[in-house]
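# Structural overview
Letter by letter, the chains look like this.
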Amino acid sequence: QVQLVESGGGLVQAGGSRRLACAASGRTVSSSAMAWFRQAPGKEREFVGSISKGGGSTVYTDSVKGRFTISRDNAKNTVYLQMNSLKPDDTAVYYCAAPGLLLYSGTDPTKYDYWGQGTQVTVSS
């Protein structure tokens, strides 16, 4: 059973930074692509970015490119989302996700079988 637990959310001022963590159990993060999604009130869940199974490739949605970075620590079996230059539009619940197919690192949320409980990030202006 794969379990994902996010942490690190909170309130931050615009222009600030925040690092989210996703601790995995039941699957080693080095054996799988992993992704981050977010969902703002009244909006659909949105792909933020992903890291490939090998860890050598990351993909981001256009709105966070150059500001957000996904990384992982294999020893801690944890994936991170470093968020810099935060904007009020980044306010959302952030979720990490693991795909059913280990190599999948795309944007389709239906391809991800395992989800964390989410962590709220609120960016004040």
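Report on the accompanying structure. All values derive from a computational prediction rather than experimental measurement.

Conventions we followed
Residues numbered from 1 in each chain as written. Predicted model: local features only at pLDDT ≥ 70, side-chain atom pairs only at ≥ 80, totals over all residues. Heavy atoms only, no water. Salt bridge = Lys/Arg side-chain N within 4 Å of Asp/Glu carboxyl O. Helix = DSSP H or I, 4+ residues; strand = E, 2+ residues; numbered from the N terminus. Buried < 20%, exposed > 50% of the residue type's maximum accessible area, 1.4 Å probe, protein only. Pairing = 2+ DSSP bridges. Axes fitted to C-alpha atoms, helices over the stretch in contact; angles between N-to-C directions. Disulfide = S-S within 2.5 Å.

### Focus on the pattern of salt bridges
Inspection of the entire model under this criterion finds 5 salt bridges. Residues Arg38 and Asp90 are paired through a salt bridge, measuring 2.9 Å at the closest nitrogen-oxygen approach. Within this pair, whereas Arg38 is found in strand 4 (residues 34–39), its partner Asp90 is found in the loop between strand 8 (78–83) and strand 9 (92–99), the two being separated by 52 residues in sequence. Here Arg38 matches Asp90 in class, with each residue buried. With a shortest N-O distance of 3.2 Å, Asp108 and Lys111 are connected by a salt bridge. According to the relative accessible area criterion, Asp108 is partly exposed, its value standing at 25%. Bridged by salt links that share partners, the residues Arg38, Glu46, Arg67 and Asp90 form one connected network.

### Side note on the sheet that holds strand 3 (residues 18–25)
Pairing within the open sheet is antiparallel, and its 4 strands lie in the order 1-3-8-7. Each of the sheet's edge strands pairs with one partner strand only, and the pair in question is strand 1 (3–7) and strand 7 (68–73). Within the sheet, the average angular offset between the axes of one strand and its neighbour, ignoring direction, is 20°. In the sheet, strand 7 pairs with strand 8 via 6 bridges, with the strands oriented antiparallel.

### Considerations on the pairing of strand 4
Taking burial as the measure, the 6 residues of strand 4 include 5 buried ones, the bulk of the element. Pairing geometry for strand 4 and strand 5 (residues 46–51), over 5 bridges, is antiparallel. Bridge pairing in strand 5 places Met34 opposite Ile51.

### Section: the state of the cysteines
Counted by the stated rule, this structure contains 1 disulfide. For Cys22, the disulfide goes to Cys96, at an S-S distance of 2.0 Å. Residues Cys22 and Cys96 share a disulfide whose torsion about the S-S bond is about 55°; that sign makes it right-handed. Linking Cys22 in strand 3 with Cys96 in strand 9, this pair joins segments that are 74 residues apart in sequence. Each member of the pair, Cys22 together with Cys96, is buried.

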